[in-house]
Amino acid sequence: MSRLEVVVPVAAQLGQLRRRRVAQDVVLVSALAALTVLLLAAGLVFGPKTLALTDVVRALMGDTVPGVSFAVVELRLPRVVGALLAGAAFGLGGMLFQTLLRNVLASPDVIGISAGSSAAAVTVISLWGGSGLVVSISAIAGGLATAALIWILAYRRGISGLRFVLVGIAVAAALQAVISYVLTRSDVKAAEQATVWMAGSLSRSLWDQLGPTAPVLVVLLAAGMLAARSLPTLRLSEDTAIALGSRPQRARLVLIFTAVLLIAVATSLTGPISFVAFLAGPIALRLVRRDAALPIASALTGAIIVLGGDLVAQHVFPITLPVGVVTGAIGAPFLLWLLMRGRTRV
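Residues numbered from 1 in each chain as written. Predicted model: local features only at pLDDT ≥ 70, side-chain atom pairs only at ≥ 80, totals over all residues. Heavy atoms only, no water.

1. Structural notes on the overall build of the chain
And step 1. Helix and strand counts for the chain stand at 15 helices and 0 strands.
And step 2. The proportion of buried residues among the 346 residues of the chain is 50%.
And step 3. Considering only contacts in the chain between residues 6 or more positions apart, those separated by 24 or more positions represent 77%.
And step 4. Put simply, the chain shows about 16800 Å² of open surface, and 68% of that area lies on carbon and sulfur atoms. (Helix = DSSP H or I, 4+ residues; strand = E, 2+ residues; numbered from the N terminus. Buried < 20%, exposed > 50% of the residue type's maximum accessible area, 1.4 Å probe, protein only. Contact = heavy atoms within 4.5 Å. Areas by Shrake-Rupley, 256 points an atom, 1.4 Å probe, with all protein chains shown as cover.)

2. Quick notes on the pattern of salt bridges
And step 1. In this structure the tally under the stated criterion is 2 salt bridges.
And step 2. Between Arg-58 and Asp-55 there is a salt bridge; the shortest N-O distance is 3.6 Å. Here the residue Arg-58 and the residue Asp-55 both occupy positions in helix 2 (residues 53-60), the gap between them amounting to 3 residues, near one helical turn.
And step 3. Where Arg-79 meets Asp-310, a salt bridge forms, and the shortest distance between an N and an O atom there is 2.9 Å. (Salt bridge = Lys/Arg side-chain N within 4 Å of Asp/Glu carboxyl O.)

3. Side note on the nonpolar core
And step 1. Phe-90, Leu-96, Phe-97, Ile-113, Phe-164 and Phe-278 are the most contacted members of the largest nonpolar core, which has 95 residues in total.
And step 2. With 15 residues, helix 3 (residues 69-101) is the largest single contributor of residues to this core.
And step 3. Discounting residues that sit within four places of it in the chain, Ile-113 has contacts with Phe-97, Pro-108, Gly-143, Thr-146, Ala-147, Ile-150, Val-260 and Ile-263. (Core = buried A, V, L, I, M, F, W, Y, C linked by side-chain atoms within 4.5 Å.)

4. Quick look at the packing of helix 5 (residues 113-128) against helix 6 (residues 133-154)
And step 1. Relative to each other, helix 5 and helix 6 sit at 140°, their axes nearing to 7 Å. If you check the angle between helix 5 and helix 6, you find them oblique. With respect to the hand of their crossing, helix 5 and helix 6 are arranged in right-handed fashion. Of the residues in helix 6, those in contact with Ile-113, Gly-116, Ser-117, Ala-120, Ala-121, Val-124 and Ile-125 of helix 5 are Val-134, Val-135, Ser-138, Ala-139, Gly-142, Gly-143, Thr-146, Ala-147 and Ile-150.
And step 2. Along the lines of polarity and charge, the residues of the contact of helix 5 with helix 6 split into 10 nonpolar, 6 polar and no charged. (Axes fitted to C-alpha atoms, helices over the stretch in contact; angles between N-to-C directions. Parallel < 35°, antiparallel > 145°, perpendicular 65-115°, else oblique. Left-handed = near helix turned anticlockwise from the far one by under 90°. Nonpolar A, V, L, I, M, F, W, Y, C, P; charged D, E, K, R; others polar.)

5. With respect to helix 13 (residues 276-287)
And step 1. The terminal C-alpha atoms of helix 13, which comprises 12 residues, lie 17 Å apart, in line with the 16 Å expected from a rise of 1.5 Å per residue.
And step 2. Of all the residues in helix 13, the buried ones are Val-276, Ala-277, Phe-278, Leu-279, Ala-280, Gly-281, Pro-282 and Ala-284. (Expected span 1.5 Å × (residues − 1).)

6. Considerations on the packing of aromatic side chains
The relative placement of two aromatic rings is captured by the distance of their centres and the angle of their planes.
And step 1. According to the stated counting rule, one finds 1 aromatic pair in the structure shown.
And step 2. Each ring, one from Phe-275 and one from Phe-278, has its centre 5.8 Å from the other, and the planes form 65°; the classification is edge-to-face. Residues Phe-275 and Phe-278 agree in their burial class; the two are buried. (Phe/Tyr/Trp six-rings, centres within 6.5 Å; stacked < 30°, edge-to-face > 60°.)

7. Description of a nonpolar patch on the surface
And step 1. Together, Leu-53, Val-57 and Met-61 make up a nonpolar patch on the protein surface, roughly 320 Å² of accessible area in all.
And step 2. Secondary-structure assignment places Leu-53 in helix 2. (Patch = residues over 30% accessible without salt bridge, like charges linked within 9 Å, V, L, I, M, F, W, Y side chains within 5 Å.)

8. Examining the environment of Ala-297
And step 1. Looking at the secondary structure, you find Ala-297 in helix 14 (residues 294-315).
And step 2. The exposure class of Ala-297 is buried, given its relative accessible area of 0%.
And step 3. Each C-alpha atom of the pair Ala-297 and Gly-281 lies 8.2 Å from the other, and the pair is 16 residues apart in sequence.
And step 4. With near-sequence residues (within four places) excluded, Ala-297 lies in contact with Leu-32, Ala-284 and Val-288.

9. Thoughts on the side chain of Ser-107
And step 1. With respect to the secondary-structure elements, Ser-107 resides in the loop between helix 3 and helix 4 (108-111).
And step 2. Here the side chain of Ser-107 touches Asp-109 through a polar contact of 2.5 Å, side chain to side chain.
And step 3. Within the local environment of Ser-107, its side chain forms a polar contact with the backbone nitrogen of Phe-278, the two atoms lying 3.2 Å apart.
And step 4. Apart from the residues within four sequence positions on either side, Ser-107 is in contact with Gln-98, Ala-277 and Phe-278. (Polar contact = N/O pair within 3.5 Å; in protein donor to acceptor, adjacent residues only side chain to side chain.)

10. Re the environment of Val-81
And step 1. By the element assignment, Val-81 lies in helix 3.
And step 2. Measuring from C-alpha to C-alpha, the distance between Val-81 and Leu-40 comes to 8.1 Å, with 41 residues separating the pair along the chain.

11. Let's talk about unusual backbone geometry
Across the chain, the bulk of peptide bonds are trans and the bulk of non-glycine residues have phi less than zero.
And step 1. The residue Arg-102 is not glycine, and still its phi comes out positive at about 60°.
And step 2. Along the chain, Arg-102 turns up in the loop between helix 3 and helix 4.
And step 3. Positive phi is not limited to glycine here, since Phe-275 has a value of about 65°.
And step 4. Mapping Phe-275 onto the fold places it in the loop between helix 12 (248-270) and helix 13.

12. What to know about the confidence of the model for the chain
And step 1. The share of residues in the chain with pLDDT of 70 or more is 87%, and the mean pLDDT across the chain is 83.
And step 2. When mean pLDDT is taken per element in the chain, helix 14 scores highest with 93 and helix 11 (residues 238-243) scores lowest with 60. (pLDDT = per-residue confidence, 0-100.)

Structural data, given as structure tokens:
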């Protein structure tokens, strides 16, 4: 048997396997998108008063429906849109960090990026009585400054995922101390506002907050999807990536900068919703088979976690809880399980 007779069937089998994986990923991503739409609809229908789906659709189409239009358009719609965009941003940003640094623990809420945004926002709220856009800008600036500090401290002729995680955990601990100090120096009302913000809540997701934030998140999500195309090359060795025409250091900087902006802007809208960035990437990684499908699967998974968590927080318990309480209750056991099994490599 000639070499050609051997190679051709193998190539055909590989092509068939690739097509099968593409089809599986399309089905899974479609299922995630359908579940996201279902949760969006549930968020519009269910509330203090359950509304008919037909009335919700009429209100969304611009018809004036007494007792429905205001609740849907002014209260529920911005909440679910905020949950969708923030969840997608947390999911994609977390996946970029985890994949780039090859460590599940390299999640923004573990390594201190979210803590940096929180520290800046809590300081503005508690000490200077800031609100609205001022808090959002301070949260974004705090996240960027924290990421830069971690990068500087962790850089030793390149970035090691483990070193980045350890430095980030230390920085996060220091920032938590800053947050505690600021809360002790603030009055009761300001401390209460800051505590609610830190719990991670969609209560601030109204049109006045969402208006300037939503377009930025949409642009960042698109940029993150494009930047993620370089991840498969960056998983190779430095020399191999350079030989393939890639610029690894530049690509890493772009990815980290995009991921930090995604997390910081989302945090400025909702506060630090615990463990969404940590959970979305590993879940998506176990669902899809190809790197090309991972970014959108991670974004959809993050949106599903936030939308589903908010429904649980609003309707399952006797009192309405911040969504961060629910996601934290889910994420903490998952983190312990990963640590016990030693499965931290991506």
